[in-house]
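Listed below are the residues making up each chain.
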Amino acid sequence: MNRNYDVIVVGAGHAGCEAAAAAANVGAKTLLMTMDMNRIAQMSCNPAVGGIAKGQIVREIDALGGQMGLVTDKTAIQFRMLNRSKGPAVWSPRAQCDREKFIWAWREVLDHTDNLDIWQDQADELIVENGEAVGVKTIWGMEFRAKSIVVTAGTFLNGLMHVGRKKIEGGRMAEPAVHNFAESITRHGIRSDRMKTGTPVRIDSRSIHFDEMERQDGEQDYHQFSFIGPHRQLKQLPCWMCYTNADVHKRLRDGLDESPLYNGQIKSIGPRYCPSIETKLVTFPDRDQHLLFLEPEGETTNEMYLNGFSSSMPTEIQLEALRMIPAFRDLKAYRPGYAIEYDFFDPTQLFHSLESKVIKGLYLAGQVNGTTGYEEAAGQGLVAGLNAARRCSGNEPFVMHRDESYIGVLIDDLVTKGVDEPYRMFTSRAEYRILLRQDDADARLTEKAFELGLATTERMKIWKAKRDAIETIINHCNSTSVKPSEVNSWLEAHGTTPLHIGAKLSELLARPQINLKQLCEISPSLQQIIDSLQERKEEISEAAEIKMKYKGYIERERLFAEKMLRLENVKIRGHFKYEEMNQISTEARQKLAKIDPETLAQASRIPGVSPSDINALLVLSGR
């Protein structure tokens, strides 16, 4: 058996699977090490992919040649495009998935990936020689060697689960915690701390009174996650909505002294944007109800996920409170909600490539970097796996800027600002979100991925055909004019101002009352162009419409991004001894010395570094 590899990936969650696939697909001999081959890409909490900003990350993963979008489309049992009432900059795809089918779809991908081996075992020690990660030892005494190591251990490092006052070691319900491995990393100078997350009760659908809940169906249109895969094929299922009430709240409040979050048992910080039900009651004491979503776990299973009711209260308190909701009065549960504490590593000790600044050849991705969410983990995993492989062949690391992708924003936030709570991506974190839309991820990233060896020739062919079709539609609208006499009555019928002189179709499309489909009513030639498209005509039409309708906003944001990019080109790492610099503030000296930013732009994003500090660094740089 071969024990020597280019890349070893420790952990087969969402980060680990993308890391292993990326490394192998660019030619690195890769080993994926997992504790349980039957739980690869397990959806530990919500059986869903995407959401606000997270959906954009998945489309970026797909555009880069990753697998999450393809697997999600293959296993989706409900799809929705969120934020459609707002502008396209914040439209975000989201899908419910069949949890078990998701695992096996990922397993099929990995089983058919060249250059990739899988080994079922538990990592026990990171082997470090001369300041460089060179291998992994397992609890069964196996030793594997590699040029690069990617650690994606999720919540397993010294994991501790809580239900009421009961504490059990584990990385996930019914799975053991990993001891020793985190310590084998921190002994070399990498800082670690503890975080907390949680998950809700799982419910038997046969015990629910659905007629007393509000049904929420998915969308049946052309939207999906992958730019190249087939459309959804599984049976589409509804979700259901209901609310907590005063009786529920009273029962939970009466039991707060039994909650690990409030009796001192849990001391670490949980995710601000996914609070437990008990945290909601304490934080919002005046609220008399909270919205809950009941979501299917699969196409055929009776198991359902209660979104909005994450809890670590004692089991009986959870169930008694829930049975006070009319639809849940006969509730039967498969297991209670629980909280879990785990080790993570300070991400400011990473380069933007996700390689450690402390241990050469060690890459960290996912929840071990302080993030929360499958999508954030998968995006990091792809970048870490790719760069681990590129290091083996002596290539420069692949790094995305903040105007190129949400993944770039995510990684820059982690390594520049660090985390003091589980990090979750939002559209508000991206200053260039008009440039980072879900509809144009392939336009931003597929050609880069092809050059890197991640995207296949077939994917590149599909993108080129789409790109050419978009340009054909845009060019036609920019070159085709209409006269007032031809369209004024039509414009008035659509609630918009009539023309006094002729106008291009693209000028009419810029009006908020007009969309591309309506424009075809007065331009048969435009309709012919769209009808001539062989595939994905709706997706292509939408992309073309957005580019034309929001052209001014897009161009203005691009100009601003290019100005900021100039600061990205001012390299400062190794140029200053910050501790000795009296020209900048004390806080700036401390923060800059700790993080040691690569560029002036990165320095400008560090909390505590002011514009005057940046000006001082510019002057001292001779700029």
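Given the structure is predicted, the values throughout are model-derived calculations rather than measurements. (Residues numbered from 1 in each chain as written. Predicted model: local features only at pLDDT ≥ 70, side-chain atom pairs only at ≥ 80, totals over all residues. Heavy atoms only, no water.)

**Student:** Sorry if this is basic, but what is going on with the overall build of the protein chain here?
**Tutor:** Helix and strand counts for the protein chain come out as 21 helices and 21 strands. Across the protein chain, every contact between residues at least 6 apart in sequence was considered, and the portion connecting residues at least 24 apart equals 73%. (Helix = DSSP H or I, 4+ residues; strand = E, 2+ residues; numbered from the N terminus. Contact = heavy atoms within 4.5 Å.)

**Student:** Which parts of the structure should I look at to understand the environment of Gly379?
**Tutor:** Mapped onto the elements, Gly379 comes out in helix H9 (residues 374-392). Taking the C-alpha atoms as reference, Gly379 lies 24 Å from Gly298; in sequence the two are 81 residues apart. Once residues lying within four places of it in the same chain are set aside, the contact partners of Gly379 are Ile61 and Ile407.

**Student:** Got a minute to help me understand the pattern of salt bridges in this structure?
**Tutor:** If charged atoms from side chains of opposite charge come close, those side chains can pair. Applying the stated criterion across every chain yields a total of 49 salt bridges. A salt bridge links Asp413 to Lys417; its shortest N-O distance comes to 3.5 Å. With a gap of 4 residues between them, Asp413 and Lys417 both fall in helix H10 (residues 406-417), about one helical turn apart. Residue classification places Lys417 among the partly exposed residues on the basis of a relative accessible area of 42%. (Salt bridge = Lys/Arg side-chain N within 4 Å of Asp/Glu carboxyl O. Buried < 20%, exposed > 50% of the residue type's maximum accessible area, 1.4 Å probe, protein only.)

**Student:** Just checking my understanding: could you explain the packing of aromatic side chains for this structure?
**Tutor:** The geometry of an aromatic ring pair is captured by the separation of the ring centres together with the interplanar angle, meaning the angle of the planes. Enumeration over the complete set of coordinates arrives at 7 aromatic pairs. For the ring pair Phe79 and Phe225, a centre distance of 5.7 Å and an interplane angle of 75 degrees mean the geometry is edge-to-face. Note that Phe79 is positioned in strand S4 (residues 76-82) and Phe225 in the loop between strand S13 (214-216) and strand S14 (239-243), a separation of 146 residues in sequence. You can call Phe79 buried: its relative accessible area is 1%. (Phe/Tyr/Trp six-rings, centres within 6.5 Å; stacked < 30°, edge-to-face > 60°.)

**Student:** Looking at this model, I keep getting lost on helix H13 (residues 484-493). Mind explaining?
**Tutor:** One turn of an α-helix holds 3.6 residues; hence residues three or four places apart share an orientation. By the burial criterion, the buried members of H13 are Val487, Asn488, Trp490 and Leu491. In this structure, the buried side of H13 is in contact with strand S20 (481-482), helix H14 (505-509) and helix H15 (516-519). Immediately downstream of H13, the backbone of Gly495 shows phi near 75 degrees, a positive value.

**Student:** I keep staring at the sheet that holds strand S3 (residues 48-50) and nothing clicks. Help me out?
**Tutor:** Working definition: the strands of a sheet are paired by backbone hydrogen bonds and lie parallel or antiparallel to each other. In spatial order, the strands read S3-S5-S4; together these 3 strands make up an open sheet with antiparallel pairing. Edge positions in the sheet fall to S3 and S4, since each has one partner strand and no second. Mean inter-strand twist for the sheet, computed between neighbouring axes without regard to direction, equals 15 degrees. Relative to the sheet, helix H2 (residues 54-63) contacts S3 and strand S5 (92-97), its axis offset from that of S5 by approximately 85 degrees. Relative to S4, helix H3 (residues 68-75) is tilted by about 115 degrees, and along the sheet it contacts S3, S4 and S5. (Pairing = 2+ DSSP bridges. Axes fitted to C-alpha atoms, helices over the stretch in contact; angles between N-to-C directions.)

**Student:** Just to check I follow, could you spell out the environment of Val358 for this structure?
**Tutor:** Of note, Val358 is situated in the loop between strand S18 (338-345) and strand S19 (362-364). Counting along the chain gives 311 residues from Val358 to Pro47, while the straight-line C-alpha distance between them is 36 Å. Discounting chain neighbours no more than four positions away, the residues touching Val358 are Gly131, His188, Gly189, Ile190 and Gln349.

**Student:** How should I be thinking about the side chain of Glu542 in this particular structure?
**Tutor:** Note that Glu542 resides in helix H17 (residues 537-549). For the buried Glu542, no salt bridge exists, and the shortest N-O distance to an oppositely charged side chain is 4.6 Å, to Arg84. Ignoring sequence-local partners within four residues, the contact set of Glu542 consists of Trp91, Tyr222, His223, Gln438 and Asp439. (Lys, Arg positive; Asp, Glu negative; His and termini not counted.)

**Student:** Please explain the nonpolar core as it appears in this structure.
**Tutor:** Inside soluble globular proteins, nonpolar side chains tend to come together where they are buried. Judged by nonpolar contacts, the single largest core of 103 residues is most densely connected at Ile8, Trp106, Leu126, Ile149, Phe181 and Leu362. Counting residues per element, this core draws most heavily on H9, at 9 residues. Residues contacting Ile8, with those up to four places away along its chain left out, are Leu31, Val136, Phe144, Arg145, Ala146, Ser148, Ile149 and Val150. Counting residues in each nonpolar core, the second largest holds 27 residues, with Ala469, Val487, Leu508 and Ile522 among its members. (Core = buried A, V, L, I, M, F, W, Y, C linked by side-chain atoms within 4.5 Å.)

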